[in-house]
Amino acid sequence: MACDKKGKIGVIMGFIKQLFQSKKRKEKAQKYNLGMAKTRQSVFNQLDDLLTQNTKISDALFEDIEEIFIMADIGVDTVISMVNQLRETVELKKIHNAEELKEMIVEEMFKRYVKEDVVDTNLDTDHPLAVLLFVGVNGVGKTTTIGKVAHLLKQKDKRVMMVAGDTFRAGAINQLRIWSERVGCEFYQKEAGSDPSSVMFEAIRYAKEHGIDVLLCDTAGRLQNKKNLMNELSKIHRVIGREIDGAPHETLLVVDATTGQNGLSQAKIFNEVTTLSGVILTKLDGTAKGGIALAVRETLNIPIKMVGLGEKIEDLEYFDIEEYIYGLFSDIV
Amino acid sequence: MAFDQLSDRLQMALRRMTGKARLTDKDIEEMMREVRLSLLEADVNFKVVKSFTQEIKEKALNEKILKGLNPSQQVVKVVHEALKELLGGETSVFSLKAQGTTTLMLTGLQGSGKTTTAGKLAQYIRKHHKVTPLLVALDVYRPAAVEQLKTIGEQLNIDVFEKGIDSKPVDIAKEALLYAEKNAYNFIVFDTAGRLHIDEDMMDEIKQLKATIDPDEIFLVLDAMTGQDAVSVADHFHQSLGITGSIITKLDGDTRGGAALSLRKVTDVPIKFMGLGEKLDAFDVFHPERMASRILGMGDVLTLIDKVTENVDEDDMMNLMEKMMSGKYNYNDFLKQLKMIRRMGSLGGLMKLIPGMNKMMKNADIDEKQLVYIEAIIRSMTHEERKKPDLIKRSSSRRRRIAEGSGRRVSDVNKLIQNLEQQTAMFKQMSKMDPNQIDPHNPMKNMALPQQNRKAKKGKGKNRGGFRF
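Rules and cut-offs
- Every residue gets a number counted from 1 within its own chain, in the order that chain's sequence is written.
- Just so you know, chain letters begin at A and ligand numbers begin at 1, following the order they were written in.
- Only residues with pLDDT of at least 70 are given local features in this predicted model, and only at 80 or more are side-chain atom pairs given and counted; all residues enter the totals for whole chains, interfaces and linings.
- In computing side-chain values, all of the structure's heavy atoms are included and hydrogens and water are not.
- Helix and strand assignments come from DSSP, with helices taken as H or I runs of at least 4 residues and strands as E runs of at least 2, each series counted from the N terminus.
- Pairs of residues are marked as contacts when any of their non-hydrogen atoms sit within 4.5 Å.
- Each accessible area is a Shrake-Rupley estimate made with a 1.4 Å probe; only the visible protein chains count as cover when residues are assessed.
- Between buried and exposed lies partly exposed: a residue is buried under 20% and exposed over 50% of the maximum accessible area for its type, with that area taken using a 1.4 Å probe on protein chains only.
- Contacts described as polar in this section are N or O atom pairs within 3.5 Å, which, within protein, must combine one atom able to donate a hydrogen with one able to accept it, while residues neighboring in sequence count only if both atoms come from side chains.
- To count toward a patch, a residue needs a relative accessible area above 30% and no salt bridge. Like charges then connect within 9 Å, nonpolar side chains (Val, Leu, Ile, Met, Phe, Trp, Tyr) within 5 Å.
- Each salt bridge in this description consists of a side-chain nitrogen of Lys or Arg and a carboxyl oxygen of Asp or Glu lying within 4 Å of one another.
- A residue counts as positive if it is Lys or Arg and as negative if it is Asp or Glu; His and the chain ends are not included.
- Taken as the charge centre is NZ of Lys, CZ of Arg, CG of Asp or CD of Glu, depending on the residue.
- As used here, buried area is the combined drop in accessible area, with a 1.4 Å probe, of two parts when they are placed together.
- Note on residue classes: Ala, Val, Leu, Ile, Met, Phe, Trp, Tyr, Cys and Pro are nonpolar, Asp, Glu, Lys and Arg are charged, and everything else, Gly too, is polar.
- One requirement defines pairing of two strands: DSSP has to find at least two bridges between them.
- Where helices are involved, their axes are fitted lines through C-alpha atoms of the stretch in contact, as for all axes, and angles between N-to-C directions lie from 0 to 180°.
- To pair, rings of Phe, Tyr and Trp, with the six-membered ring standing in for Trp, must have centres within 6.5 Å; the planes then decide the type, stacked if under 30 degrees apart, edge-to-face if over 60, and tilted in the middle.
- Look at NZ for Lys and CZ for Arg. If either is within 6 Å of the ring centre and within 35 degrees of the ring normal, a charge sits over the ring.
- In this analysis, the expected span of each helix is defined as 1.5 Å times one less than the number of residues it contains.
- For classification purposes, angles smaller than 35 degrees are called roughly parallel, those larger than 145 roughly antiparallel, those between 65 and 115 roughly perpendicular, and all remaining angles oblique.
- With the far helix as reference, a near helix turned anticlockwise by less than a right angle produces a left-handed crossing, and one turned clockwise produces a right-handed crossing.
- As a per-residue measure, pLDDT reflects the predictor's confidence and takes values from 0 up to 100.

**Quick notes on the overall build of chain A**
The helix and strand inventory of chain A stands at 13 helices and eight strands. A fraction of 78% describes how many contacts in chain A between residues 6 or more apart in sequence connect residues 24 or more apart. Accessible surface for chain A amounts to roughly 13,500 Å². Of this, 49% is attributable to carbon and sulfur atoms.

So this is what it looks like as structure tokens:
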């Protein structure tokens, strides 16, 4: 039994190592590693529980693989279709050895994420006035993310202005203002309770007149099943587009990495209302894996652009699928 | 009754098995897989799901449940019962200390909703336990968190103790305790900064806070949308602090909230309350049974019933009923009725509580604004018109004027007229029923009778199988 267990650990460790052989990659992955693997001993030792049986390819093994993915909050549908694909390939190629599964899993994940496409994680800011709109449910970290993005853009010598579009939640405007002071960028606000669309409208006018390069628009957190609030968001989106052709140049859904299956519903409905250009996955420095973002890419074709890895202003990274997969299994290695 | 998700799944599994004389172990296995998937889709932690399905399987086998007429419904029932049990069985009652000041500390991850919850909780306890609450702002890290709590305090008319962001939380807490004693507050809620369960420095800080405050209750605040990680979060906070209860927030979303199950299973402390919206009164005690239904995607009739009874004044209702029965129902009554509905919360929220509606709602276009429009139309009527619906019905110029006054189309006004007529017609029908035949204590009695009779007769040999009358 113990020997079998080791065999299976070997399977997974093998493909992780394969992924991260090169030193350069390891260094690149270090931040993710720090962020995502702080707790190696989580409540239940995943490995012991997950990998209990043989190294032969069996239904039980497939179920274990399923569980590793499910544990990471990758959507149930995505996981099932992924594992079914694996089953088919195994049958087709008459594979009997679990060892060979490792490459297939990695391949399958890459294939599904990349989708024979070039995944561009850059934020589209090459416009006279680029407008980035940040949307999401309550408490995911939109305001903090804007602070970090502003910092990042300022490093690139962009003239950045934040717009306090959350006129609803108590303290939201000041929260953003404090971030703008930390970053040292411009800040636009109206009084609490104002119509957010009118705030955007005025901010764009102001930004045009004052030579701002990038406008970062905060919005109030809203649950995607609140029709009125989604209508309000749709209006914000429309007003921005009316002021500048092709704007907002990025509409970014901020998703908390601890989010479960609801993340898919969030992405789906926000995408219907505002046409999302990307996802920013926050709070990846906890123990959550944020796998739902993969499901979002899989089902809605919306790429993950950036990840939040800590509370400091520079704790924001461009998303890298390889590093991410490493993070997924970091507890296990 | 529509047991949406799980029952759909089970039925599908069963369809593949129909025609079989009896269900094999493999069939049962397959049903358990459906149960498992359904729970995973609801974000119940896979580890919890595993032990849970094992339990269910044994129960299902023991009770020989699969011999029944509708095995899938029975399995759903067993699952529902077990879920309810796991979630705590009965609603956990919150009680204050018999004497002196009750102190309560909130903790949780960033963005779980602690500050909003602090306000809601203080208000709820004030309303139900007649206390003088004090909110204490201990989040000195997140920008403007103190201000947020202050604003909430103002909105609720609850005092907030704060020392800005330059003091240490432990020192603020000490001062707050003294302040509360001096000023005779007897219920204190400490709002702490959000923190990651694996952030050692921050976890040390909250342990110090616990030592300083020595709170009667420590509640973990958890976002209902949390996925598999809920187990790890709950476990860490519980290990470090020994929480005494928890609060699930953002349950007004469309998440099924399986995290609640993980939370309860790991900590084994009761889930006390739930947050149901951004408004500060959108807060309620936690009901295990309803949560079980929700996780299974069954809708939540009980919450609906509670909402109705809580928010509708009985006298108002009786008056309205009387008017309806007498056929004198007019636009003033309509307006009153509208207000009652709106007092119960958002229409979308209400609809979601009805089993089966959840699914239908996915495509339906529920526009809360409709209620506002109807109100606007009625408010554009003269008093005379409101009392005598016929006036509007007969005069197209009145209808046009009302449409213009309310900013709606004439067709909207016509729709409202139709609506009122339909209601009146319905009530007339109801009032024609003979009240003497309806037992006020058991209005269903009459309906049940014929069935009972038939059943009783069936046993007698003479009449068996025949319908002679």
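From this point on, the discussion continues.
**Here's the deal with the overall build of chain B**
For chain B, the count of helices and strands is 22 helices and eight strands. In chain B, buried positions account for 49% of the 469 residues. Long-range contacts, defined here as pairs at least 24 residues apart, represent 74% of the contacts in chain B between residues at least 6 apart. Roughly 24,000 Å² of accessible area belongs to chain B as shown, and the carbon and sulfur atoms make up 51% of that amount.

**Quick look at the environment of Asp-315 of chain A**
Residue and element names in this part refer to chain A. Relative to the assigned elements, Asp-315 resides in the loop between strand 7 (304-308) and strand 8 (316-318). For Asp-315, a relative accessible area of 7% puts it in the buried group. Between the alpha carbons of Asp-315 and Lys-148 there is a distance of 7.3 Å; along the sequence they are 167 residues apart. A distance of 2.9 Å separates the side chain of Asp-315 from the backbone nitrogen of Lys-312, its partner in a polar contact.

**A few points about a negative patch on the surface**
Residue and element names in this part refer to chain B. Taken together, the side chains of Glu-81, Glu-85, Glu-90 and Glu-289 define an acidic patch exposed on the protein surface. Along the chain, Glu-90 turns up in the loop between helix 4 (71-86) and strand 1 (102-108). Given the relative accessible area of 60%, Glu-90 is considered exposed.

**Details of the interface of chain A and chain B**
Contacts between the two partners involve 50 residues from chain A, matched on the other side by 45 residues from chain B. At the boundary of chain A with chain B, total buried surface from both sides reaches about 4,100 Å², with 55% on carbon and sulfur atoms. Between Glu-66 of chain A and Arg-33 of chain B there is a salt bridge, and its shortest N-O distance comes to 3.6 Å. Linking chain A with chain B are 22 residue pairs in polar contact (both at pLDDT 80 or more). Elements that contribute at least two residues to the side of chain A that touches chain B include exactly helix 3 (46-50), helix 4 (59-71), helix 5 (76-92), helix 8 (172-183), helix 10 (227-243) and helix 11 (262-274) of chain A. A breakdown of the residues in the side of chain A that touches chain B according to their chemical character gives 16 nonpolar, 19 polar and 15 charged.

**Description of the side chain of Lys-142 of chain A**
If you trace the backbone, Lys-142 of chain A turns up in helix 7 (residues 142-155). No salt bridge is formed by the buried Lys-142 of chain A; the nearest opposite charge belongs to Asp-218 of chain A, separated by 5.9 Å.

**Side note on the sheet that holds strand 7 of chain A**
The strands making up a sheet associate through hydrogen bonds between their backbones, and the pairing can be parallel or antiparallel. Residue and element names in this part refer to chain A. One open sheet holds the eight strands; their spatial order is 3-2-4-1-5-6-7-8, and the pairing between them is mixed. The open sheet has two free edges, formed respectively by strand 3 (186-188) and strand 8, since each of these has just one partner strand. Across the sheet, the mean angle from the axis of one strand to that of its neighbour is 25 degrees, orientation sign disregarded. In terms of strand pairing, strand 7 meets strand 8 through three bridges, oriented antiparallel. Each residue of the ladder has a partner; that of Gly-308, found in strand 8, is Leu-316. Set on the sheet, helix 9 (residues 196-209) makes contact with strand 2 (160-163), strand 3 and strand 4 (214-217); between it and strand 2 the angle comes to about 165 degrees.

**Some points on helix 10 (residues 259-267) of chain B**
Helical periodicity: at 3.6 residues per turn, an α-helix aligns residues three or four positions apart in one direction. All names here are of chain B. Of all nine residues making up helix 10, seven are buried, and the element is well covered by its neighbours. Taken residue by residue, helix 10 has Ala-259, Ala-260, Leu-261, Ser-262, Leu-263, Arg-264 and Thr-267 as its buried positions. Phi turns positive one or two residues past the end of helix 10, at Asp-268, with a value near 60 degrees.

**Focus: the packing of aromatic side chains**
Tallied over the entire structure, the rule returns 11 aromatic pairs over all chains. Considering the side-chain rings of Phe-94 of chain B and Phe-219 of chain B, the 6.1 Å spacing of their centres and the 75 degrees angle between planes classify their relative orientation as edge-to-face. Taken together, the residues span a long stretch of sequence, with Phe-94 of chain B in the loop between helix 4 and strand 1 and Phe-219 of chain B in strand 5 (residues 217-223) at a distance of 125 residues. For Phe-219 of chain B, a relative accessible area of 0% gives the class buried. Aromatic rings pair up to connect Phe-94, Tyr-124, Phe-187, Phe-219, Phe-273 and Phe-283 of chain B into one cluster. Directly above the ring of Trp-179 of chain A sits Arg-182 of chain A, whose terminal nitrogen or CZ lies 4.7 Å from the centroid. For the cation-ring pair, Arg-408 of chain B lies above Tyr-373 of chain B, with the distance from its terminal atom to the ring centre recorded as 3.6 Å.

**Describing helix 10 of chain A**
Residue and element names in this part refer to chain A. For helix 10, built from 17 residues, the straight-helix expectation of 24 Å at 1.5 Å per residue is met to within 8% by its first-to-last C-alpha distance of 25 Å. Three or more residues of helix 10 are buried, namely Met-230, Leu-233, Ile-236, His-237, Val-239, Ile-240 and Glu-243. Packing partners of the buried residues in helix 10 comprise strand 1 (130-135), helix 9, strand 4, strand 5 (250-256) and helix 11.

**Overview of the packing of helix 5 (residues 114-129) of chain B against helix 6 (residues 145-156) of chain B**
Residues and elements named next belong to chain B. At a minimum axis distance of 9 Å, the contact between helix 5 and helix 6 shows a crossing angle of 25 degrees. When the axis of helix 5 is compared with that of helix 6, the two are roughly parallel. Every pair of crossing elements has a handedness; the one defined by helix 5 and helix 6 is right-handed. Between helix 5 and helix 6, the contacting residues are Thr-115, Thr-116, Ala-118, Gly-119, Lys-120, Gln-123 and Arg-126 on the first element and Ala-145, Gln-148, Leu-149, Ile-152 and Leu-156 on the second. Grouping the constituent residues of the contact of helix 5 with helix 6 by class yields five nonpolar, five polar and two charged.

**Quick word on the pairing of strand 1 of chain A**
Residue and element names in this part refer to chain A. With respect to burial, strand 1 is a largely interior element, six of its six residues being buried. The alternating pattern of strand 1 places Ala-130, Leu-132 and Phe-134 on one face and Val-131, Leu-133 and Val-135 on the opposite face, and all of these are buried. Relative to strand 4, strand 1 runs parallel, the two sharing four bridges. The residue of strand 4 that forms the bridge with Val-131 is Leu-215.

**Describing the pattern of salt bridges**
A side chain of one charge can pair with a side chain of the opposite charge if their charged atoms are brought near each other. Going through the model one piece at a time under the given rule, you end up with 34 salt bridges over all chains. With a closest N to O distance of 2.7 Å, Arg-112 of chain A and Glu-298 of chain A form a salt bridge. Of the two residues, Arg-112 of chain A sits in helix 6 (residues 101-114) while Glu-298 of chain A sits in helix 12 (residues 292-300), which places them 186 residues apart along the sequence. Of the charged contacts in the structure, one is a salt bridge between Asp-223 of chain B and Lys-250 of chain B, with a shortest N-O distance of 2.7 Å. Here Asp-223 of chain B is found in strand 5, whereas its partner Lys-250 of chain B is found in the loop between strand 6 (245-249) and helix 10, with 27 residues between them in sequence. Take Lys-250 of chain B: its relative accessible area is 11%, and that puts it in the buried class. If you follow the salt bridges from partner to partner, you end up with Glu-66 and Glu-67 of chain A together with Arg-33, Arg-36 and Lys-50 of chain B in one network.

**Some details on the confidence of the model for chain A**
All names here are of chain A. Overall, the prediction assigns chain A a mean pLDDT of 81, with 78% of residues at 70 or greater. Counting interchain partners and residues more than four positions distant, the pLDDT-below-50 stretch residues 18-29 has 18 contacts. Taken as a whole, residues 33-54 scores under 50 in pLDDT and shows 63 contacts with residues more than four places along the chain or in a different chain.

**Observations concerning the sheet that holds strand 5 of chain B**
Residue and element names in this part refer to chain B. With mixed pairing, eight strands are arranged side by side in an open sheet as 3-2-4-1-5-6-7-8. Each edge of the open sheet carries a strand with a single partner, namely strand 3 (159-161) and strand 8 (283-285). Across the sheet, the axes of successive neighbouring strands diverge by a mean angle of 25 degrees, strand direction being ignored. By the bridge criterion, five bridges tie strand 5 to strand 6 in an arrangement that is parallel.

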